[in-house]
Amino acid sequence: MKRTEIVSVFQKRAFGLALTIGAASFVMAQQKVNISGNVKDANGAVGYSSITFKNTQNSQLSDAVLADADGNYKLELTPGNYEVAIEAVDYKKFTQTIRVEKAGAIAPFVIVSSGKANLNNTTDIQGVVITATSTKPYKVELDKKTYDVKSDLTAVGGNLQDVLQNVPSVSVDTDGTVSMRGSSNVRFLINGKPSALLGIDDGANALQAIPADQIDRIEVITNPSAKYDASGTAGILNIILKKTTKLGFNGSVIGTLGYLPKTNLNTNLSWKKGNWSWFLSGGGGYQENKNTNRSTTTYESGDLLSYYQNSINKTKSNNYNATGGVVYDISPNTSVNLSGTIRTFENDTNNPINYINNYRNGTLDYTSRNAIGRNTNTGMQGDFGIDHKFDDKGQNISLSLSLQSNQSSGNSDITETKNSIFSALTNTKTKTENKSLVGKLDYELPIGENSTFNAGYKLDRNDNDYDFFAQNRNAGETSPTIMGNFTGLANYTETFNAFYAQFKSKIGAFAYQVGLRDEMSNISFSYPYRDPLNTNIDTGIITNKKKNYNNLFPSIFLSYDIAKNNQILLNYSRRIDRPRSFFLIPIASPNDVRNVFQGNPDLNPSYIDSFELGYNLSKSKVTLNPTLYYRKEKDNIQFGIIQSLTDPGAFTLGPNNVGSEDRYGLDFNGTYDPFSWWKIMGNIDLFGYNTRGDLVINNVVVQSYNGNGFSSRARLANTFKFDKTFSVQVQSNYRGGQKNASQNQKATYFFNLGATKTIWNGNGTLAFNIQDIFNTRARQALNYGENYTRDMYMQWNPRQFSLSLTYRFKQGEKVEQPKKKKDINANSNGGDDMPPM
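Just so you know, these numbers come straight off a predicted model, no measurement behind them.

### Regarding the overall build of the protein
Right, so step 1: Across its full length, the protein holds 4 helices and 47 strands.
Right, so step 2: With 837 residues in all, the protein has 52% of them scored as buried.
Right, so step 3: In the protein, the proportion of contacts linking residues at least 24 apart, taken out of those at least 6 apart, comes to 67%.

If you want it as structure tokens, here you go:
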């Protein structure tokens, strides 16, 4: 069966599952009676209060409802005795026992004001108590920051890439590259582990395929503990997807329209009854992008005076994803979960590239290459997990297993003309297949009241197969010739075994955590050997390489409570940057033969020692979180730009280990609520860098990376709440320039706008946003070589608009989960109702 047929069958069955769940909830609703009522205080109606009716004989008959703006509510209940609990902002919790016998109105509930705003929400984190304001967009924990996506109005109806633009300590470049504190070596996880939703090496395409409305929060982990993978020298971004803990049938649906043309429709459905919890989420969309690139290269000597290039790459993409699963509570202490995910992505491109060679004798040479292509990606994933709690003191063990498969394929036809005369036709085909297995075992043992021991094991195996093909037919030729330098089969296999142990405790106001992680990496890859004098010759020889590493990665976290809501944090961790698979495979892509990316099989990992000293202050109206950091990296990976010896207008880009880099800075995050209707969130990253190293080929320095300097990044968001239902947010972003011996990157800035309106008595939300209001988000850089200067400009997308509508239905009773001591370094598994992805 073809993969597209599998996707079609999956979508039909998923839709059938949603209908089945809806029908089941309808049947459950029979034999109930309609009741209505009102919530008020001494002065009149109290709107938007949460009312829970808990059946005293059978909790499965419980339900909950949200009152409207006038304090009125309606719902259906089975006759019986109920414990009523009412909660509302700035009011004391109200409880009362009633009996429901028949349909009709019941007496009003009268609640009492608390006399002060209920602003604070205190969380006990392994003996370290941090009080965070419940309305704040992010909170600071011992080893991470957690960003609440719901606070970001400009990302409503968008995707993960839009959300990341507004996350503290994170920046998204104009080409979609994500970086943390100036470094792009970021490790992505979904619900604590790698996921098929992110595809394989798809970069910005994968980020755009995950809808923002499916994301609950993002954990920013700049200095991960021993429990996390050691890869990702910049840190880890853990994307936590939404889940529910409410009885009955619940869900939401959101639709989006935008320009550049964009349409999206996504839904989240859940059903909880007794020991069973089911969920289904997914959707799809269509989007167009427009990427502008241009560059001018000036030469100091030679026949060529200057070289100009420009392109406008237009893409049309479709993406779909669906996740379904079930959680079953075998007993009060043991549960199992099973889930499946499918993701598809299709992308059509039209990329005309124009070149102009300007020679010193006054001659102009015009070349045009038009690439029309199509790329597809399909990812599937199955997850199984079991969790067991030994006692109520927090001793527990969890086991998870994840199987993933990804397939990517692409083809393009490139037509080249010189001075408006046909000169060549190039056809390329690529296919990549990835299969992976991830297994995890984690154990937690509380020791006394303030200490906890954690230990675990992880197996991660990946197998990547690459198939590259390119052929070219020049003018006057009757048959194409295979382009050997761009053709061949390659394989990349990696197996990681990791063990970790960590201990944490608290003595008075002082808390500490120490951990050690051992990672054994076995990597092997193969690719065709090419004759260096004629790369088009197929030698029939396969080059096989192996790289094995066994490294220890310690981590230390310290904190001291100066006073309530007032902490100092100090931590250290060691990290590794393993080269990505396509960084090692030396088969280039011919889509732009004058700007070729080629892997480096001799590339080695780089290692980093990371130190942080932070301070956290949280008050009702103000939170301050400045962090001083220092990172020292060895065998730093930099991209070299090498000029062709035969064509001065052609360049090869590739990764190389060139030396070391020291990076230091101040990462300042803060919020301020001057009034109840105005909230401010800001992030400033001031950092310095000192890079040392040269790219040496055949004992000749071809590019120097020596350089030091100071740069900055800043973000400011102002949210204005005009009433209970209407809010507007304005965001400004600034990225300072950076400079070294071979490049001078200029500063960039842009502004976003978002607005939301609550409708339909709180069940609906209408949202509008503009990305890059003044169309200024572009990157400009000057590159310097031995004989040239290159001025580059790139804009990933022009200004964009979108309008979204969200509808929420059947808000059931929230189920209280057993309280236990929470591991501050645990990889979130997506919540009690949603298994890991």
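### Some thoughts on the environment of Leu241
Right, so step 1: Mapping Leu241 onto the fold places it in strand 18 (residues 235-241).
Right, so step 2: Counting along the chain gives 24 residues from Leu241 to Arg217, while the straight-line C-alpha distance between them is 7.1 Å.

### Details of a nonpolar patch on the surface
Right, so step 1: Together, Tyr259, Trp760, Leu766, Phe768, Phe801, Leu803, Leu805 and Tyr807 give the surface a local cluster of nonpolar side chains, amounting to about 740 Å² of exposed area.
Right, so step 2: Taken together, the elements giving at least two residues each to the nonpolar patch come down to strand 44 (764-771) and strand 47 (800-809).
Right, so step 3: Among the elements that line the nonpolar patch, the one with the most residues is strand 47, at 4 residues.
Right, so step 4: Locating Trp760 in the fold gives a position in the loop between strand 43 (748-759) and strand 44.

### Topic: the sheet that holds strand 6 (residues 80-87)
Where strands meet in a sheet, backbone hydrogen bonds hold them as pairs that are either parallel or antiparallel.
Right, so step 1: Strand order in the open sheet formed by 4 strands is 4-3-6-7, and the pairing between neighbours is antiparallel. The open sheet is flanked by strand 4 (63-66) and strand 7 (94-100), the only strands paired with a single partner. On average, each strand axis in the sheet is tilted by 20° relative to the strand beside it, whichever way the strands run.
Right, so step 2: As judged from the 6 bridges shared by strand 3 (residues 50-55) and strand 6, these two strands associate in the antiparallel manner. Pairing of Ile51 across the sheet is with Ile86, part of strand 6.

### Observations regarding the pairing of strand 46 (residues 788-795)
Right, so step 1: Sheet topology places strand 21 (residues 276-299) next to strand 46; 8 bridges connect them, and they run antiparallel. Counterpart to Thr297 in the pairing with strand 46 is Arg790.
Right, so step 2: Pairing geometry for strand 45 (residues 779-784) and strand 46, over 6 bridges, is antiparallel. Within strand 46, the position partnered with Leu782 by the bridge is Asp791.
Right, so step 3: Linking strand 45 back to strand 46 in an antiparallel pair, the connection comprises 3 residues.

### Topic: unusual backbone geometry
Right, so step 1: Of note, the amide linkage connecting Tyr259 to Leu260 takes the cis form, showing an omega dihedral of 5°.
Right, so step 2: The topology assignment puts Leu260 in the loop between strand 19 (248-259) and strand 20 (262-273).
Right, so step 3: A positive phi angle, near 55°, is found at Trp760, a position not held by glycine.

### Structural notes on the nonpolar core
The nonpolar side chains of a soluble globular protein tend to be buried with one another.
Right, so step 1: In terms of nonpolar packing, the biggest core is built from 25 residues, with Leu164, Ile218 and Leu237 touching the most fellow members.
Right, so step 2: For this core, the secondary-structure elements that each account for two or more residues are helix 2 (160-164), strand 14 (170-172), strand 15 (178-180), strand 16 (186-190), strand 17 (215-221) and strand 18.
Right, so step 3: One finds Val46, Ile51, Phe53 and Ala67 within the second-largest nonpolar core, a separate group that totals 20 residues.

### As for the packing of aromatic side chains
Right, so step 1: A complete count under the given rule lists 27 aromatic pairs for this structure.
Right, so step 2: Ring centres of Trp677 and Trp678 lie 6.0 Å apart, and the angle between their planes is 20°; this geometry places the pair in the stacked category.
Right, so step 3: Classification of Trp677 as partly exposed rests on a relative accessible area of 40%.
Right, so step 4: The class for Trp678 is partly exposed, based on a relative accessible area of 24%.
Right, so step 5: Chaining the aromatic ring pairs together yields one cluster made of Phe582, Phe583, Phe597 and Phe639.

### Regarding the pattern of salt bridges
Right, so step 1: A full pass over the atoms with the stated rule returns 15 salt bridges.
Right, so step 2: Across the pair Asp216 and Arg217 runs a salt bridge whose closest N-O atoms are separated by 2.9 Å.
Right, so step 3: According to the relative accessible area criterion, Arg217 is buried, its value standing at 17%.
Right, so step 4: Each member of the salt-bridge network shares a partner with another, and the members are Asp229, Lys458, Arg517, Glu519 and Arg578.

### Digging into the confidence of the model for the protein
Predicted coordinates in areas of low pLDDT are best not read in detail.
Right, so step 1: Taken as a whole, the protein shows an average pLDDT of 81; of its residues, 84% reach a score of 70 or greater.
Right, so step 2: Within the protein, the lowest mean pLDDT, 30, falls on strand 10 (residues 120-125), and the highest, 94, falls on strand 29 (residues 488-507).
Right, so step 3: Between residues 9-30, whose pLDDT stays under 50, and residues either more than four places distant or in other chains, the model counts 15 contacts.

### Some words on the pairing of strand 43
Look at any regular strand and the pattern is simple: side chains alternate between the two faces of the sheet.
Right, so step 1: Of the pairings in the sheet, the one linking strand 40 (residues 726-735) to strand 43 comprises 10 bridges and is antiparallel in character. In the strand pairing of strand 43, Asn733 is matched with Phe750.
Right, so step 2: With 7 bridges connecting them, strand 43 and strand 44 associate as antiparallel partners. Opposite Leu753, over in strand 44, you have Ile770 as the bridge partner.
Right, so step 3: Counting the residues in the hairpin turn of strand 43 and strand 44 gives 4 residues, including Trp760, whose phi is positive at 55°.

Definitions and limits used
Residues numbered from 1 in each chain as written. Predicted model: local features only at pLDDT ≥ 70, side-chain atom pairs only at ≥ 80, totals over all residues. Heavy atoms only, no water. Helix = DSSP H or I, 4+ residues; strand = E, 2+ residues; numbered from the N terminus. Buried < 20%, exposed > 50% of the residue type's maximum accessible area, 1.4 Å probe, protein only. Contact = heavy atoms within 4.5 Å. Patch = residues over 30% accessible without salt bridge, like charges linked within 9 Å, V, L, I, M, F, W, Y side chains within 5 Å. Areas by Shrake-Rupley, 256 points an atom, 1.4 Å probe, with all protein chains shown as cover. Salt bridge = Lys/Arg side-chain N within 4 Å of Asp/Glu carboxyl O. Pairing = 2+ DSSP bridges. Axes fitted to C-alpha atoms, helices over the stretch in contact; angles between N-to-C directions. Core = buried A, V, L, I, M, F, W, Y, C linked by side-chain atoms within 4.5 Å. Phe/Tyr/Trp six-rings, centres within 6.5 Å; stacked < 30°, edge-to-face > 60°. pLDDT = per-residue confidence, 0-100.

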